[in-house]
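Structural characterization, general
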There are 2 protein chains.
Amino acid sequence: MDTSLPHVVVVGAGFGGLRTVHCLRNAAVRITLVDRRNYHLFQPLLYQVATAGLGPTDIAQPVRAILRGQRNLEFRLAEMTGVDFAAKTLKTSTGDIPYDRLVLAVGGETNFFGNASLDRNAFGLKDLDDAVRIRNHVLYMFERAVHENDPEARRALLTFVVAGGGPTGVECAGAFSELIRLVLIKDYFGLNIKDVRVILLEGSNSLLPMFPEKLREAAAGTLWKKFVEVRFGALVADYDGHTVTLKSGERIPAETMVWAAGVRAVGVVDRLGLPQDRQGRVKVTATLQVADHPEVYVIGDVASAEMGNGQAYPMVAQVALQQGRLAAANMVRSLRGGGPAEFRYRDPGTLATIGRNAAVARLGRLQFRGWFAWAMWLAVHIVFLIGFRNRLLVLINWAWDYFFYDRPIRLIMHDGNCPWERCLRVSPGCATPPVK
Amino acid sequence: MDTSLPHVVVVGAGFGGLRTVHCLRNAAVRITLVDRRNYHLFQPLLYQVATAGLGPTDIAQPVRAILRGQRNLEFRLAEMTGVDFAAKTLKTSTGDIPYDRLVLAVGGETNFFGNASLDRNAFGLKDLDDAVRIRNHVLYMFERAVHENDPEARRALLTFVVAGGGPTGVECAGAFSELIRLVLIKDYFGLNIKDVRVILLEGSNSLLPMFPEKLREAAAGTLWKKFVEVRFGALVADYDGHTVTLKSGERIPAETMVWAAGVRAVGVVDRLGLPQDRQGRVKVTATLQVADHPEVYVIGDVASAEMGNGQAYPMVAQVALQQGRLAAANMVRSLRGGGPAEFRYRDPGTLATIGRNAAVARLGRLQFRGWFAWAMWLAVHIVFLIGFRNRLLVLINWAWDYFFYDRPIRLIMHDGNCPWERCLRVSPGCATPPVK
């Protein structure tokens with residue numbers, strides 16, 4: 001590669017980072033793409049891995065495979081640890097990388113709002129580890145329940161709490177309910193389905209805030225029909241791994257809680273010394289640059305760009321994709337001596353699925369629900385998934401689930417070197433020495 | 001279930017255990033199947049998971065899904081810890097299980113022959129964890145090599161040693177070579193393919209001892225054509241994670257070694273106080289029973305049944321399947337007051353693949369090699385794989401690899417809570433606390 005060309009360093013191979021890199025494919029720059037994973041993850045389908053509908057490999061695609069044709073690019077597997085803005089150097093786990101232009105697209109993580117016991121005992125749902133851990137854990141609860149004679153303990157094993165009524169929470173609760181009622185119940189014929197509860201806790205008084213009211217109500221109604229108990233005004237105070245405590249004082253015995261009630265920018269940006277919003281996102285100009293460092297662009301979940309009404313753009317894939325394109329364009333302009341353009345979001349609408357034949361969709365002013373919205377959801381997700389093979393395999397898995405009421409990936413995969421209970425819960429458990 | 005029926009406890013849901021259970025589906029017994037995994041693993045294709053050709057979920061099938069129709073059966077997810085023969089009780093991680101008849105089909109594990117440094121630094125290839133760890137590690141070596149400036153260090157990163165010239169070693173070495181030369185080299189275009197070495201170490205003077213001489217030579221020749229360095233008479237003395245030391249004193253710098261040079265019965269059988277052979281397998285009568293405990297049957301990799309020539313049957317799936325059927329039949333006979341039959345192995349032949357269009361096959365006196373043997377290998381493995389969906393997905397993956405020279409699963413999946421280097425090597429590393 002021509003080392004005299006300006007060096008653009010892009011951190012993060014999510015929707016935003018990949019789009020930036022792609023838009024720079026014909027630019028007179030050399031690019032280094034940095035990610036701590038060697039794959040791009042299709043996050044919108046993560047909940048399907050957690051609920052045994054898809055395998056982890058179906059929704060991940062190697063970065064090098066995606067970008068194989070792009071000759072002005074190098075990929076570097078490394079974790080960002082900081083930035084020296086004065087020296088224009090990115091700090092990583094495998095050494096420093098000097099840059100002329102930097103694009104931070106490092107994404108979001110689960111926000112436990114500093115509650116350590118929540119962090120330890122509830123499951124986040126932001127990466128493949130999370131999803132596989134949830135799958136393992138849920139299936140393991142059924143294996144325990146089928147041999148549990150104490151009815152109280154059995155009900156706690158079979159109570160699955162999802163906190164947060166946004167798209168992730170709604171999709172996850174709907175998918176749990178279908179996994180259990182359509183599939184697992186056939187595997188565990190000794191269990192009484194009435195012992196099973198799926199509870200969706202939402203702090204406000206409606207689900208899916210980004211949807212029009214009619215669709216929000218439709219979503220709640222559909223969840224009820226799928227036997228998900230939807231609780232509004234339910235704020236979680238604590239979770240010790242066995243009992244969910246609400247702010248009201250109510251206690252729900254449950255061995256499983258998925259925390260989908262908060263996201264924030266990944267922790268590493270806290271160390272950058274840049275102004276952040278309440279979710280830890282870096283405040284950027286309307287041109288997606290950092291005010292004091294115009295050579296640094298921030299996009300996607302990690303960027304706090306104001307929509308004009310005082311609020312920041314939502315943390316969704318479409319915003320990241322469009323910001324990635326603009327960051328690339330602005331960089332090319334600045335290298336040619338031109339001024340940057342401002343970000344204007346073209347909202348293509350929004351979609352959420354609640355289960356088979358059920359979804360809600362808003363496209364501009366049009367609203368859809370039921371089967372048609374669900375078919376639209378399927379089509380959009382297949383089209384945006386990267387890689388023809390992944391599309392094919394996901395389609396086959398979905399068709400399989402749909403026609404046979406099956407979830408084929410119900411495998412409990414724990415690392416053989418950890419004792420059972422430890423590998424299912426969150427991280428620190430794996431510090432236990434292997435039993436032989 | 002009718003608790004007055006005799007209770008048959010089968011430990012292990014591998015080929016042998018599943019066959020036993022299946023053959024007892026109409027017998028007047030109640031069965032408890034115990035396994036520490038909730039899935040049946042199709043071990044013959046494990047090396048394809050290690051070499052990024054298949055995903056882990058493609059070759060595993062939930063036990064409950066396989067046995068859903070069988071009403072005289074309960075499945076129990078638990079790890080066997082011992083047997084109290086006097087009290088006729090199986091000891092497990094989740095409590096005791098009394099039995100009237102016991103079938104031990106707990107399988108094999110990698111045999112490091114007590115060499116602790118080998119155990120720690122080399123990869124075994126006996127379960128899904130092993131396979132995913134190898135895949136992660138190999139891909140990570142390429143990520144490191146592409147940014148390594150020291151040529152010596154780079155060569156060590158790109159040297160892949162496989163120890164053991166049996167089917168696993170041969171298949172693994174062939175698959176590594178194809179993964180690298182046909183796929184990875186396109187991802188890492190900065191690397192010189194001449195720096196890459198795949199070395200197959202075999203202690204004796206031929207590969208694949210169970211094959212006739214002509215096929216053994218054909219296999220070695222095919223490996224050479226695929227740029228695998230085959231070394232005969234090469235006995236491994238030690239491996240410290242960086243350098244393989246041979247008994248001859250020769251040292252091979254290599255950051256990766258897969259140990260396919262030994263299998264033994266799983267460690268738990270050492271605690272049973274039963275006579276064992278050199279591989280830890282339990283010595284059984286010709287009727288597959290334990291001499292002093294005729295109510296205990298031992299089958300598959302964990303059984304040492306004499307072939308008549310003083311040797312035990314090989315640790316292969318076909319032996320386990322046929323022994324499973326006989327154990328079931330003998331149990332039914334004994335419950336009816338009849339005498340047991342002796343095990344007679346009907347050898348259906350043997351197959352090993354070396355890569356695309358290349359395999360060796362022996363069927364009775366017939367010998368095949370090249371494309372035809374390879375097609376036969378494909379057909380046999382698809383037929384024996386359990387689950388229509390798995391068959392379909394494996395076929396699609398194979399077709400994809402074959403026509404596009406691709407290995408789509410080249411994903412490095414490490415648990416986000418462990419530092420990189422730790423999670424790729426074998427187990428004890430994960431004891432390191434998470435870095436945030």
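Structure report, in brief. Predicted model, so just to flag it, every value in this text is computed and none were measured.

1. Examining the relation of the copies chain B and chain A
When chain B is fitted to chain A, the residual RMSD is 0.0 Å, and the transformation amounts to a turn of 180 degrees plus an axial shift of 0.0 Å. Here the symmetry operator amounts to a two-fold rotation axis. Most of the interface of chain B is mirrored in chain A, where 98% of its interface residues are also at the interface.

2. Some details on the sheet that holds strand E15 (residues 243-246) of chain B
Residues and elements named next belong to chain B. The sheet built from 3 strands is open, its strands ordered E14-E15-E16 with antiparallel pairing. If you trace the sheet from one side to the other, it starts and ends with strand E14 (236-239) and strand E16 (251-253), each paired once. Strand-to-strand twist of the sheet, defined as the mean angle between neighbouring strand axes without regard to direction, takes the value 20 degrees.

3. Structural notes on the packing of aromatic side chains
Evaluated as defined, the whole model comprises 30 aromatic pairs over all chains. Here Tyr313 of chain B and Tyr345 of chain B contribute two aromatic rings whose centre-to-centre distance is 5.7 Å and whose plane-to-plane angle is 70 degrees, an arrangement assigned as edge-to-face. In this pair, Tyr313 of chain B sits in the loop between strand E22 (303-304) and helix H9 (317-335) while Tyr345 of chain B sits in the loop between H9 and strand E23 (350-355), placing the two residues 32 residues apart along the sequence. Between Trp400 of chain B and Phe404 of chain B, the ring centres sit 4.6 Å apart and the planes meet at 45 degrees, which makes this aromatic pair tilted. Residue Trp400 of chain B and its partner Phe404 of chain B are both found in helix H11 (residues 388-404); the two are separated by 4 residues, about one turn of the helix. Since its relative accessible area comes to 14%, Trp400 of chain B is described here as buried. The rings of Phe142, Phe160, Phe176 and Tyr188 of chain A are connected pair by pair, giving a single aromatic cluster.

4. What about the environment of Thr243 of chain B?
Residues and elements named next belong to chain B. Here Thr243 lies in strand E15. Residues Thr243 and Met315, spaced 72 residues apart in sequence, show a C-alpha to C-alpha distance of 30 Å. The contact partners of Thr243, leaving out residues within four places of it in the chain, are Asp238, Arg251, Ile252, Pro253 and Ala254.

5. Concerning the interface of chain B and chain A
Listed as interface residues are 58 residues of chain B and, on the opposing side, 57 residues of chain A. Taken over both partners, the interface formed by chain B and chain A buries close to 5200 Å², and the fraction arising from carbon and sulfur atoms is 56%. The tally of links from chain B across to chain A stands at 4 salt bridges. Of the charged contacts, one joins Arg68 of chain B and Asp187 of chain A as a salt bridge, the two residues approaching to 3.0 Å between their closest N and O atoms. Where chain B touches chain A, the interface holds 14 residue pairs in polar contact (both at pLDDT 80 or more). Among the elements of the structure, strand E4 (60-62), helix H3 (63-66), strand E5 (73-77), helix H5 (128-145), helix H7 (167-187) and H11 of chain B are those that each provide at least two residues to the side of chain B that touches chain A. Of the residues in the side of chain B that touches chain A, the class split is 28 nonpolar, 10 polar and 20 charged.

Procedures and definitions
- Residues numbered from 1 in each chain as written.
- Chains lettered and ligands numbered in written order.
- Predicted model: local features only at pLDDT ≥ 70, side-chain atom pairs only at ≥ 80, totals over all residues.
- Heavy atoms only, no water.
- Least-squares fit on C-alpha atoms with pLDDT ≥ 70 in both.
- Contact = heavy atoms within 4.5 Å.
- Pairing = 2+ DSSP bridges.
- Helix = DSSP H or I, 4+ residues; strand = E, 2+ residues; numbered from the N terminus.
- Axes fitted to C-alpha atoms, helices over the stretch in contact; angles between N-to-C directions.
- Phe/Tyr/Trp six-rings, centres within 6.5 Å; stacked < 30°, edge-to-face > 60°.
- Buried < 20%, exposed > 50% of the residue type's maximum accessible area, 1.4 Å probe, protein only.
- Buried area = accessible area lost by both parts, 1.4 Å probe.
- Salt bridge = Lys/Arg side-chain N within 4 Å of Asp/Glu carboxyl O.
- Polar contact = N/O pair within 3.5 Å; in protein donor to acceptor, adjacent residues only side chain to side chain.
- Nonpolar A, V, L, I, M, F, W, Y, C, P; charged D, E, K, R; others polar.

Geometric values such as these leave the question of function open.
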